[in-house]
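As a plain string of letters, each chain reads:
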Amino acid sequence: MSEVVERWGSRRAFIIAVTGAAVGLGNIWRFPWMTGENGGAAFLLLYVVFLALLGLPVMVAEIMIGRAGRRTPMQALTFLARDVGKSRHWGLLGLFGGITLFLILSFYSVVSGWSIEYLVEAFTGGFASRTPQEIGSAFDNFLASPGLVLLNHSIFLFLTMAVVASGVGSGLERLNNLLMPLLYLLLILLVGYAFTTSGFTTALSWLFKPDMSALTLTAIFNAMGHAFFTLAVGAGALMAYGAYMPDDQSLPRAVITVAVLDVAVALLAGIAIFSIVFSQGMDPASGPGLMFVTLPIAFADLPGGALWLGCFFVLLLLATWTSSINLAEPMVAMLGSAGLTRPLGALIIGVGVWLMGLPSALSFSIWSDVRLFNDMALFDLATTLPIDIMLPIGGLLIAVFAVWVVEPPRAIAAIGAGERFYRVWRAVVRWISIPLLILVLLGFFLMK
Ligand code: TRP
């Protein structure tokens, strides 16, 4: 159980790697879907509050543990706990995180596969001169073809595991370096287009003028789960990246930078997508298909639209790729510390995730009638369980570990922002984040 010696090449490299993990389907696909389903501005406000009070403090906790332990998540937790005479069973929290990542990656790969299909469709002009109705039913028809959905799921998962098998190194950094600026550029162009549509002002007031009476209990759970999901926090994935963090870097500054970059992507995507929704008279609560239907409609309207749309899906795919590498890396590293080689570990995880992805992939076709717990479709279950339930539970335990198990001097050194910051952060985690998490989780279990 020795310390890792690798470090990210620079401070910037760490920030870029974490941003690459954070920015993905959560921002561009799930954020608009959730906001649409939960009534708009009130959900957005709640989500921002949860980001500030839960997401960010726990993100500091999680990376701090990785940096203090400098091992894979399970080993770091075991090592830090044992070192101060606490139970070595804390290591199980790393395992719980690994299972969460496994479940997330299983649907993540399926949905990223949808983007592969859309990329090909876009470049081959498949959406050109189609009406919005036709574009809408094309999405339903695609999801109803199990073979096609599985093929794309397989391709995406292969691409992810191939990178993880050969080690997450400088390739990831170069990819992110190129991708991020282009992604922002394209999103800003898209918002520029949204500005010219008739739905722009409606979209803005719908997104930013909260109507608190729209808030439901489900909206509260969704907002909390999404705050963790979008920051990639709560399952130890950032703990793994934190282990390679250089010594002379301030953690809070890095975390704030990532959060701002992350939220910006979601807001830009949200403004663009809802402008299209309102100018087309669509329903904001269109579910997981929202992004896949609105964007082809928007681009079909623009000169050279097919090409732009194709570029958009290329960027989206690269963004989800860097996220899924982050999801897979800790699992493969954990198998590695159990003695397996990287390629073998990647193969085992890849096969497991592929199988686990079947319910999500087939939820819209041959298993569309299956309903479990509270009448949930398989796809809803596959996304809700790991995001809205397991990530917050993992986050809660990570927070408890960070403020009660890790000793102050060690935590102060690993956060790298001085003692005063540590005290304020610890007070926030103890008196705000942890009680709030318990409250919302209890609410969830009592109301269900
Ligand atoms: N944050 C990513 C997104 O928004 C998903 C993700 C990547 C993630 N790594 C993670 C979520 C680790 C939870 C834990 O698409």
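Residues numbered from 1 in each chain as written. Predicted model: local features only at pLDDT ≥ 70, side-chain atom pairs only at ≥ 80, totals over all residues. Heavy atoms only, no water.

**Q** What am I meant to see in the site of the ligand here?
**A** The ligand sits among 16 residues. The nearest are Ala22, Gly26, Tyr108, Phe229 and Asn326. In the environment of the ligand, a nitrogen atom lies 3.0 Å from a nitrogen or oxygen atom belonging to the backbone of alanine 22. In the model, an oxygen atom of the ligand is placed 3.4 Å from a nitrogen or oxygen of the asparagine 27 side chain. More than half of the atoms belonging to the ligand lie within 2 Å of the grid points that define the largest cavity. When residues of the shell around the ligand are traced back to their parent elements, those giving at least two are α1 (11-22), α2 (25-37), α5 (91-123), α10 (217-231) and α14 (305-337). Looking at the shell around the ligand residue by residue, the class counts come to 10 nonpolar, 6 polar and no charged. (Near = heavy atom within 4 Å. Polar contact = N/O pair within 3.5 Å; in protein donor to acceptor, adjacent residues only side chain to side chain. 1 Å grid on protein atoms, 1.4 Å probe; cavity = no way out; pocket = protein on both sides within 12 Å on 5 of 7 lines; lining within 4 Å. Sits in = over half its atoms within 2 Å of the grid points. Helix = DSSP H or I, 4+ residues; strand = E, 2+ residues; numbered from the N terminus. Nonpolar A, V, L, I, M, F, W, Y, C, P; charged D, E, K, R; others polar.)

**Q** I keep staring at empty space enclosed by the protein and nothing clicks. Help me out?
**A** In this approach a probe as big as a water molecule rolls over the atoms, and the regions it shows empty are the leftover space. Enumeration according to the criterion identifies 2 cavities of 30 Å³ or more in this entry. Estimates place the volume of the largest cavity at around 160 Å³. Around the largest cavity, the lining comprises 19 residues; the ones closest to its centre are Ala21, Phe229, Ala232, Asn326 and Leu327. Secondary structure elements with two or more residues in the lining of the largest cavity: α1, α5, α10 and α14. (Points joined across faces, edges and corners; volume = space filled by probe spheres on them.)

**Q** I tried to follow the nonpolar core on my own but got confused; where do I start?
**A** Looking at soluble globular proteins, one finds that nonpolar side chains tend to be buried together. One finds Trp29, Met59, Met64, Ile65, Trp114 and Trp425 to be the most contacted residues of the largest nonpolar core, which totals 156 residues. When residues of this core are assigned to their parent elements, the largest contribution, 16 residues, is made by helix α3 (residues 41-69). Once residues lying within four places of it in the same chain are set aside, the contact partners of isoleucine 65 are Ala76, Leu77, Leu80, Met239, Ile398, Phe401, Ala402 and Val406. (Core = buried A, V, L, I, M, F, W, Y, C linked by side-chain atoms within 4.5 Å. Buried < 20%, exposed > 50% of the residue type's maximum accessible area, 1.4 Å probe, protein only. Contact = heavy atoms within 4.5 Å.)

**Q** Could you clarify how one ought to interpret the environment of leucine 436 in this entry?
**A** With respect to the helices and strands, the residue leucine 436 is situated in helix α18 (residues 418-447). Note: C-alpha distance between leucine 436 and leucine 53 (383 residues apart in sequence) is 8.6 Å. Not counting the four nearest positions on each side in its chain, leucine 436 is found in contact with Phe50, Leu53 and Leu54.

**Q** Looking at this structure, I do not really get unusual backbone geometry. What am I missing?
**A** Excluding glycine, residues mostly have negative phi values, and the peptide bonds linking residues are mostly trans. One non-glycine residue, arginine 70, lies in the positive phi region at around 45°. Within the element layout of this structure, arginine 70 appears in the loop between α3 and α4 (73-83). Positioned with a positive phi, alanine 232 is a non-glycine residue whose angle comes to about 65°. Positionally, alanine 232 belongs in the loop between α10 and α11 (237-242).

**Q** Just to check I follow, could you spell out the pattern of salt bridges for this structure?
**A** Where side chains of opposite charge bring their charged atoms close, a pairing between them can arise. All told, the structure shown has 7 salt bridges when counted by the stated rule. When the shortest N-O distance is used, the salt bridge between arginine 30 and aspartate 388 registers 3.8 Å. Highlighted residues: arginine 30 in helix α2 and aspartate 388 in helix α16 (residues 378-405), separated in sequence by 358 residues. Just as arginine 30 is buried, aspartate 388 falls in that class too. Close ionic contact of arginine 342 with glutamate 329 constitutes a salt bridge, the shortest N to O distance being 2.9 Å. In this pair, arginine 342 sits in helix α15 (residues 342-362) while glutamate 329 sits in helix α14, placing the two residues 13 residues apart along the sequence. Overall, glutamate 329 belongs to the buried group, its relative accessible area being 3%. (Salt bridge = Lys/Arg side-chain N within 4 Å of Asp/Glu carboxyl O.)

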